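# Residue-level structural notes
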Amino acid sequence: QKQKILKTGKEYIKDRVSGQSSDISGRFAFQGKNKSLELFGNSKNKKTTIAIYSNTFYDYPHTLGMTRFIDVKDWILSTIKTAGNNKNVIWLLKPHPCDQWHGGITLKDILPKKLPSNVILLNYDYSGKDILEKSDALVTHHGTAAIEFAALGKPVLVTDVGWFHDCEFVKFPNSKDDYLDLLTKKWHTLIDLKKAKLRARL
């Protein structure tokens, strides 16, 4: 039974990343053009590339709550400020794919005019599949992308309690301070990727 579930999970993730998912977030996430992200690093001197996936402002944070930050704005600005000081990493900041569909406030509206030089705001038309393939790891509050990244063998750091933080496929910090401290370190090397991949698929 476990092997059947693992196979189903693997196939579902494959379909989702290929844009075959029926849910709206999945469709928007992987319908973008397959733009190259090679300009963010080169083969001779490639820095670690970590994606930061923002929440939509009308979604899960309100359902599951936020215990370590006031709201999404507080979380994303704190994350950018701390991550920007870690010059060993190039951070790819990705808006939620449903921002434009919902309307209203978007990620761009809450960001400072000037971001740290190693934090890059991506446009909506970047392919989610391309970002996933080019990124070495992921940081998210508790977005579905965590399951996608982990199921494909990439390390994930989450911010707070969510709907999968204790399912043993993400790095779950002990506190807000612990989370921010991890952004300055090589947290992505602390995860058992083989175990995380299986747990995410389950």
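Up top you'll find the structure we're talking about.
Remember, predicted model here, so these are calculated numbers, not experimental data. Within any chain, residue numbers begin from 1 and follow the written order of that chain's sequence. With the structure being a predicted model, the display of local features is reserved for residues of pLDDT at least 70 and the display and counting of side-chain atom pairs for 80 or more, all residues being used for whole-chain, interface and lining totals. Side-chain descriptors were evaluated using all non-hydrogen atoms of the structure, hydrogens and water having been removed beforehand.

## Some details on the overall build of the chain
The helix and strand labels rest on DSSP assignments: H or I over at least four residues marks a helix, E over at least two residues marks a strand, and numbering proceeds from the N terminus. When its secondary structure is counted, the chain shows ten helices and five strands. Burial classes follow relative accessibility: with a 1.4 Å probe on protein chains only, a residue under 20% of its type's maximum area counts as buried, one over 50% as exposed, and anything between as partly exposed. Each of the 202 residues in the chain was classed as buried or not, and the buried ones make up 48%. Relative to all contacts within the chain whose residues are 6 or more apart in sequence, the contacts with residues 24 or more apart total 69%. Residue contacts are counted whenever heavy atoms from the two residues lie within 4.5 Å of one another.

## A word on the nonpolar core
Generally speaking, soluble globular proteins have nonpolar side chains that are buried together. Core analysis: the largest hydrophobic core is formed by 50 residues, its most contacted members being Trp91 and Val139. Sorting elements by how many residues they give to this core places helix 8 (residues 145–151) first, with six residues. Those residues in contact with Trp91 that sit more than four places away from it in its chain are Ile50, Ile52, Ala83, Gly84, Asn86, Asn118, Val119, Ile120, Val139 and Leu183. Put simply, buried Ala, Val, Leu, Ile, Met, Phe, Trp, Tyr and Cys residues joined by side-chain atoms within 4.5 Å make one nonpolar core.

## Considerations on the sheet that holds strand 3 (residues 119–121)
Should DSSP find at least two bridges between two strands, the strands are taken to pair. Strand order in the open sheet formed by five strands is 3-2-1-4-5, with parallel pairing between adjacent strands. Taken across any chain shown, the strands that pair with only one partner, and hence form the sheet edges, are strand 3 and strand 5 (156–158). With strand direction ignored, the average angle separating the axes of adjacent strands in the sheet is 20°. When strand 4 (residues 137–140) meets strand 5, the two strands line up parallel, connected through three bridges. Directly across from Thr140, in strand 5, lies its bridge partner Val158. Axes, fitted as lines to C-alpha atoms, cover a helix only where it is in contact. Angles between the N-to-C directions of the axes lie from 0 to 180 degrees. On the sheet, helix 4 (residues 72–84) packs against strand 1 (48–53), strand 2 (89–94), strand 3 and strand 4 and is oriented at approximately 160° with respect to strand 2.

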